[in-house]
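Chain by chain, the residues:
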Amino acid sequence: MTPLVLSACGMGTVLLVSVPQDYLLAYLLLLPLFGAFFCSLLPSTALFQIRQLCLTICFLTLLIALRLWAAYVPLAPEPFQQVVGFTAGWNGLISIRLEFGLDGLSLWMVLLTAALMPLCILCSWTSQTAHSQSFNILLLVLETALLAAFTCLDLLGFYVLYESALLPMFLLIGLGGSRPRKVKAAYLLVLYTLVGSLAMLPCLLIMYSQVGSSRFELLSMHNWDPSIQLILWWGLFLAFAVKVPMMPVHLWLPEEHVEASTAGSVLLAGVLLKLGTYGLLRFRLPLLPYATVYYGPFVITLSLIGIVYASLTTLRQVDLKKIVAYSSVAHMNMVVLALFTGNSLGAGAATFLMLAHGVASPALFLLVGSLYDRTHTKALKYLGGAAVAMPLFSALFFVFSLANMALPLSPNFVGEFLCLCGIFMHNLWALYGALIGVLFSAAYTMWAYARVVHGLPKPQYFSSMADLCRREFWAFVPLLFLTVWWGVKPFVVLDSIYASLSFWHNASLLSIAKMDSSVISRKDNISWVLDTLQRIQLS
């Protein structure tokens, strides 16, 4: 494994030196797709060569993403950098052009996606023996769809890529699951997310008919009528709320996590759920600022109910994977709550908490998967005594459990603390509800840790509870590094995030200021919006 990693890094270094910087994003988007094509040419019996090729492609993609991060300028005058376009046409009658670019928000989502993909291949190296070739090809196809969705600058193109990520995930659950209920779980994923996303399509077509283009920058400059915003907002919100997920459309997520393989759970918690919050952050305020303000109290109330409900449900679970799954629902509702506070602090804090959750939650799912590979059970009543038989596993489980409960010096603490500050700036009662979720988070995290690590091992499982091997340990090293690095130096991420979000946030508030003040005062009684507009006019 070590020579393979070193050779991939060496090849990637030579590649990055020779490739022009202007085309790095194009190579990032196309490399996993070409890797999936070449992987399909190999015989299905050559499992080791297939895994080697997929792992090498994922490492090269990660190196290109790191090169893009090194070339990114946070305070550049243009909102998007590294813009590339793909054009297709037919007989001069139909012409389609999709543009892709990076800003401070999409850059970190690209880095997170590229960092988690090699870990998914490593964690399924020995456990995914059936349909291994198809499984690895689907991982590369899913990576292409996710990277393209996070960087697409066209709203209709984003919708197509947003839906394209559904099919590989559907097949990954069907191929990687271990129980007959995996078929039901896969269809639940399609039923919830596809139906929710269909509500967004007519809204996008209405926008296209009004502006004549689906480019994000052109749509954001259009001054939408408040009555139209109130209608269009529901289509976008329903599509993204299912993916977050928010109550009451969250029931598909725990079922998916329980039935999916470890790689599927890592991608669900680390990246796919972030598509929902990314969509809310990218499109709801820049495109529909008035409707976002108008429906803000409704979303905040829904988020508070989701935080408390998901936390109480987590305390009642007896399946370790469901505990981590329901805790993800609570944390993602905290992200949505901070997003709708209407201030730059809350938006940036929500983005950072989203990234921090994309590190801690996949690490916990990797640990649950390692334990399941040895004991073949996730029921808490059969677990215990891991500190005796698996000291390295127990130490990592302790570190990432502390990060999940937002202990100081962890990135989750920075994200949650800033979220609470943004919520406090908006409403004191909303802060009380969020603090209840924080207390419950500590309760169920330490309760699950104590049930797994402390006590005596069960005799029937003691012989199989071997500690982490080198392959599994090296899969945790990047996540451990990010947890420590972002916890100690969060401004490495926050500077680029706030530089990007401030541009769209201020532009959206100025567009609200252009509206008739009588319309705002008559239809909206949210005092913080008027205060913000006054501060902007004074500045």
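This section reports on the structure supplied with the text. All of these numbers come straight from a predicted model, not from anything done at the bench.

## Re unusual backbone geometry
Cis geometry is found at the peptide bond from Val244 to Pro245, where omega equals -5 degrees. Considering the arrangement of structural elements, one finds Pro245 in the loop between helix H11 (226-243) and helix H12 (252-259). Residue Pro248 is bonded to the preceding Met247 through a cis peptide linkage, with omega at 0 degrees. Looking at the secondary structure, you find Pro248 in the loop between H11 and H12. Of note, the phi angle at His376 is positive, near 60 degrees, even though the residue is not glycine. You can see His376 is positioned in the loop between helix H17 (344-375) and helix H18 (386-389).

## Things to note about helix H19 (residues 391-404)
Compared with the 20 Å implied by 1.5 Å per residue over 14 residues, the 20 Å span of H19 between its first and last C-alpha is a close match. Looking at H19, one finds that the buried residues are Phe393, Ser394, Leu396, Phe397, Phe400, Ser401, Leu402, Ala403 and Asn404. Backbone geometry just downstream of H19 places Ala406 in the positive-phi region, at approximately 65 degrees.

## Some thoughts on the nonpolar core
Ranked by internal contacts, the top residues of the largest apolar core, which has 176 residues, are Leu146, Met207, Phe393 and Val452. Every residue in contact with Met207, bar those within four places of it in the chain, is listed here: Leu155, Gly212, Ser213, Leu219, Trp224, Leu232, Leu236, Leu287 and Leu288.

## Focus: the packing of aromatic side chains
By convention here, two paired aromatic rings are described through the distance between centres and the angle between planes. Summed over the entire model, instances satisfying the criterion amount to 34 aromatic pairs. Between Phe400 and Phe476 the ring centres are 6.4 Å apart and the planes differ by 35 degrees, which places this aromatic pair in the tilted class. Placement of Phe400 in helix H19 and of Phe476 in helix H23 (residues 470-488) is noted, with a sequence separation of 76 residues between them. Comparing Phe400 with Phe476, the two get one shared label, buried. Ring pairs connect the aromatic residues Phe80, Phe150, Phe158, Tyr162, Phe216, Phe240, Tyr278 and Phe283, which therefore count as one cluster. A cation over a ring is seen here: Lys243 above Tyr162, with NZ or CZ 5.0 Å from the ring centre.

## Considering helix H21 (residues 428-453)
Compared with the 38 Å implied by 1.5 Å per residue over 26 residues, the 38 Å span of H21 between its first and last C-alpha is a close match. Three or more residues of H21 are buried, namely Ala430, Leu431, Gly433, Ala434, Gly437, Ser441, Tyr444, Thr445, Ala448, Tyr449, Val452 and Val453. Residues of H21 that are buried in the fold lie against helix H15 (296-315), helix H16 (320-339), H17, H18, H19 and helix H20 (411-426). Residue Asn427 occupies the N-cap position of H21, its side-chain oxygen lying 2.8 Å from the main-chain nitrogen of Trp429. Trailing H21 by a residue or two, Gly455 shows a phi angle of about 85 degrees, which is positive.

## Here's the deal with the side chain of Glu472
Following the sequence through the fold, Glu472 ends up in helix H23. By relative accessible area, Glu472 is classed as buried at 8%. Discounting chain neighbours no more than four positions away, the residues touching Glu472 are Ser370 and Arg374.

## Concerning the pattern of salt bridges
If charged atoms from side chains of opposite charge come close, those side chains can pair. If you walk through the whole model with that rule in mind, you get four salt bridges. Measuring nitrogen to oxygen at the nearest pair gives 2.3 Å for the salt bridge that ties Arg215 to Glu99. Taken together, the residues span a long stretch of sequence, with Arg215 in the loop between helix H9 (200-211) and helix H10 (216-221) and Glu99 in strand E2 (residues 94-102) at a distance of 116 residues. For Arg215, a relative accessible area of 24% gives the class partly exposed.

## Focus: the side chain of Ser370
Along the chain, Ser370 falls in helix H17. Leave out the neighbours within four places in its chain, and Ser370 touches Leu468, Glu472 and Phe476.

## Notes on the packing of helix H5 (residues 132-151) against helix H6 (residues 155-164)
Running from N to C, H5 and H6 point in directions that differ by 150 degrees, and their axes come no closer than 9 Å. The pairing of H5 with H6 is recorded here as roughly antiparallel in orientation. Two packed elements cross with a definite hand, and for H5 against H6 that hand is left-handed. Mapping the contact onto sequence places Ala145, Ala148 and Ala149 in H5 and Phe158, Leu161, Tyr162 and Ser164 in H6. Looking at the contact of H5 with H6, its residues break down into six nonpolar, one polar and no charged.

## A few points about the state of the cysteines
On inspection of all chains with the given rule, the structure shows zero disulfides. The closest cysteine sulfur to the non-disulfide-bonded Cys419 is located on Cys421, 9.2 Å from its own sulfur. By relative accessible area, Cys419 is classed as buried at 0%.

Reading the values: rules and limits
Within each chain, residue numbers correspond to sequence positions counted from 1 in written order. Since the coordinates come from a predicted model, pLDDT governs what is reported: local features require at least 70, and pairs of side-chain atoms require 80 or more to be given and counted, while whole-chain, interface and lining totals use all residues. As a rule here, side-chain values cover all heavy atoms of the structure and leave hydrogens and water aside. Under the DSSP-based scheme used, a helix requires at least four consecutive residues in state H or I and a strand at least two consecutive residues in state E, with every element numbered from the N terminus. Multiplying 1.5 Å by the helix residue count minus one yields the expected span of that helix. Only protein chains enter the accessibility calculation, which uses a 1.4 Å probe; a residue whose area is less than 20% of its type maximum is buried, one above 50% is exposed, and one in between is partly exposed. Residues belong to one nonpolar core when they are buried, are Ala, Val, Leu, Ile, Met, Phe, Trp, Tyr or Cys, and are joined through side-chain atoms within 4.5 Å. Should any heavy atoms of two residues lie within 4.5 Å, those residues are considered in contact. Ring pairs shown here join Phe, Tyr and Trp side chains whose ring centres sit within 6.5 Å, with only the six-membered ring taken for Trp; geometry is labelled stacked below 30 degrees between planes, edge-to-face above 60, and tilted in between. A positively charged side chain is recorded as over a ring if its NZ (Lys) or CZ (Arg) lies within 6 Å of the ring centre. The angle to the ring normal must also be within 35 degrees. Under this definition, polar contacts are N or O atom pairs within 3.5 Å; protein pairs additionally need one hydrogen-donor-capable and one acceptor-capable atom, and for neighbouring residues in sequence, both atoms have to be side-chain atoms. One side-chain nitrogen of Lys or Arg within 4 Å of one carboxyl oxygen of Asp or Glu is enough to make a salt bridge. Fitted lines through C-alpha atoms give the axes, limited to the stretch in contact for helices. The angle between two N-to-C directions lies from 0 to 180 degrees. In these notes the angle categories are as follows: under 35 degrees is roughly parallel, over 145 is roughly antiparallel, 65 to 115 is roughly perpendicular, and the rest is oblique. Definitions for this section: a left-handed crossing has its near helix turned counterclockwise from the far helix by less than a right angle. A right-handed crossing has that turn clockwise. Three classes are used: nonpolar for Ala, Val, Leu, Ile, Met, Phe, Trp, Tyr, Cys and Pro, charged for Asp, Glu, Lys and Arg, and polar for all others, with Gly counted as polar. By disulfide we mean two sulfur atoms from cysteines, separated by a distance within 2.5 Å.

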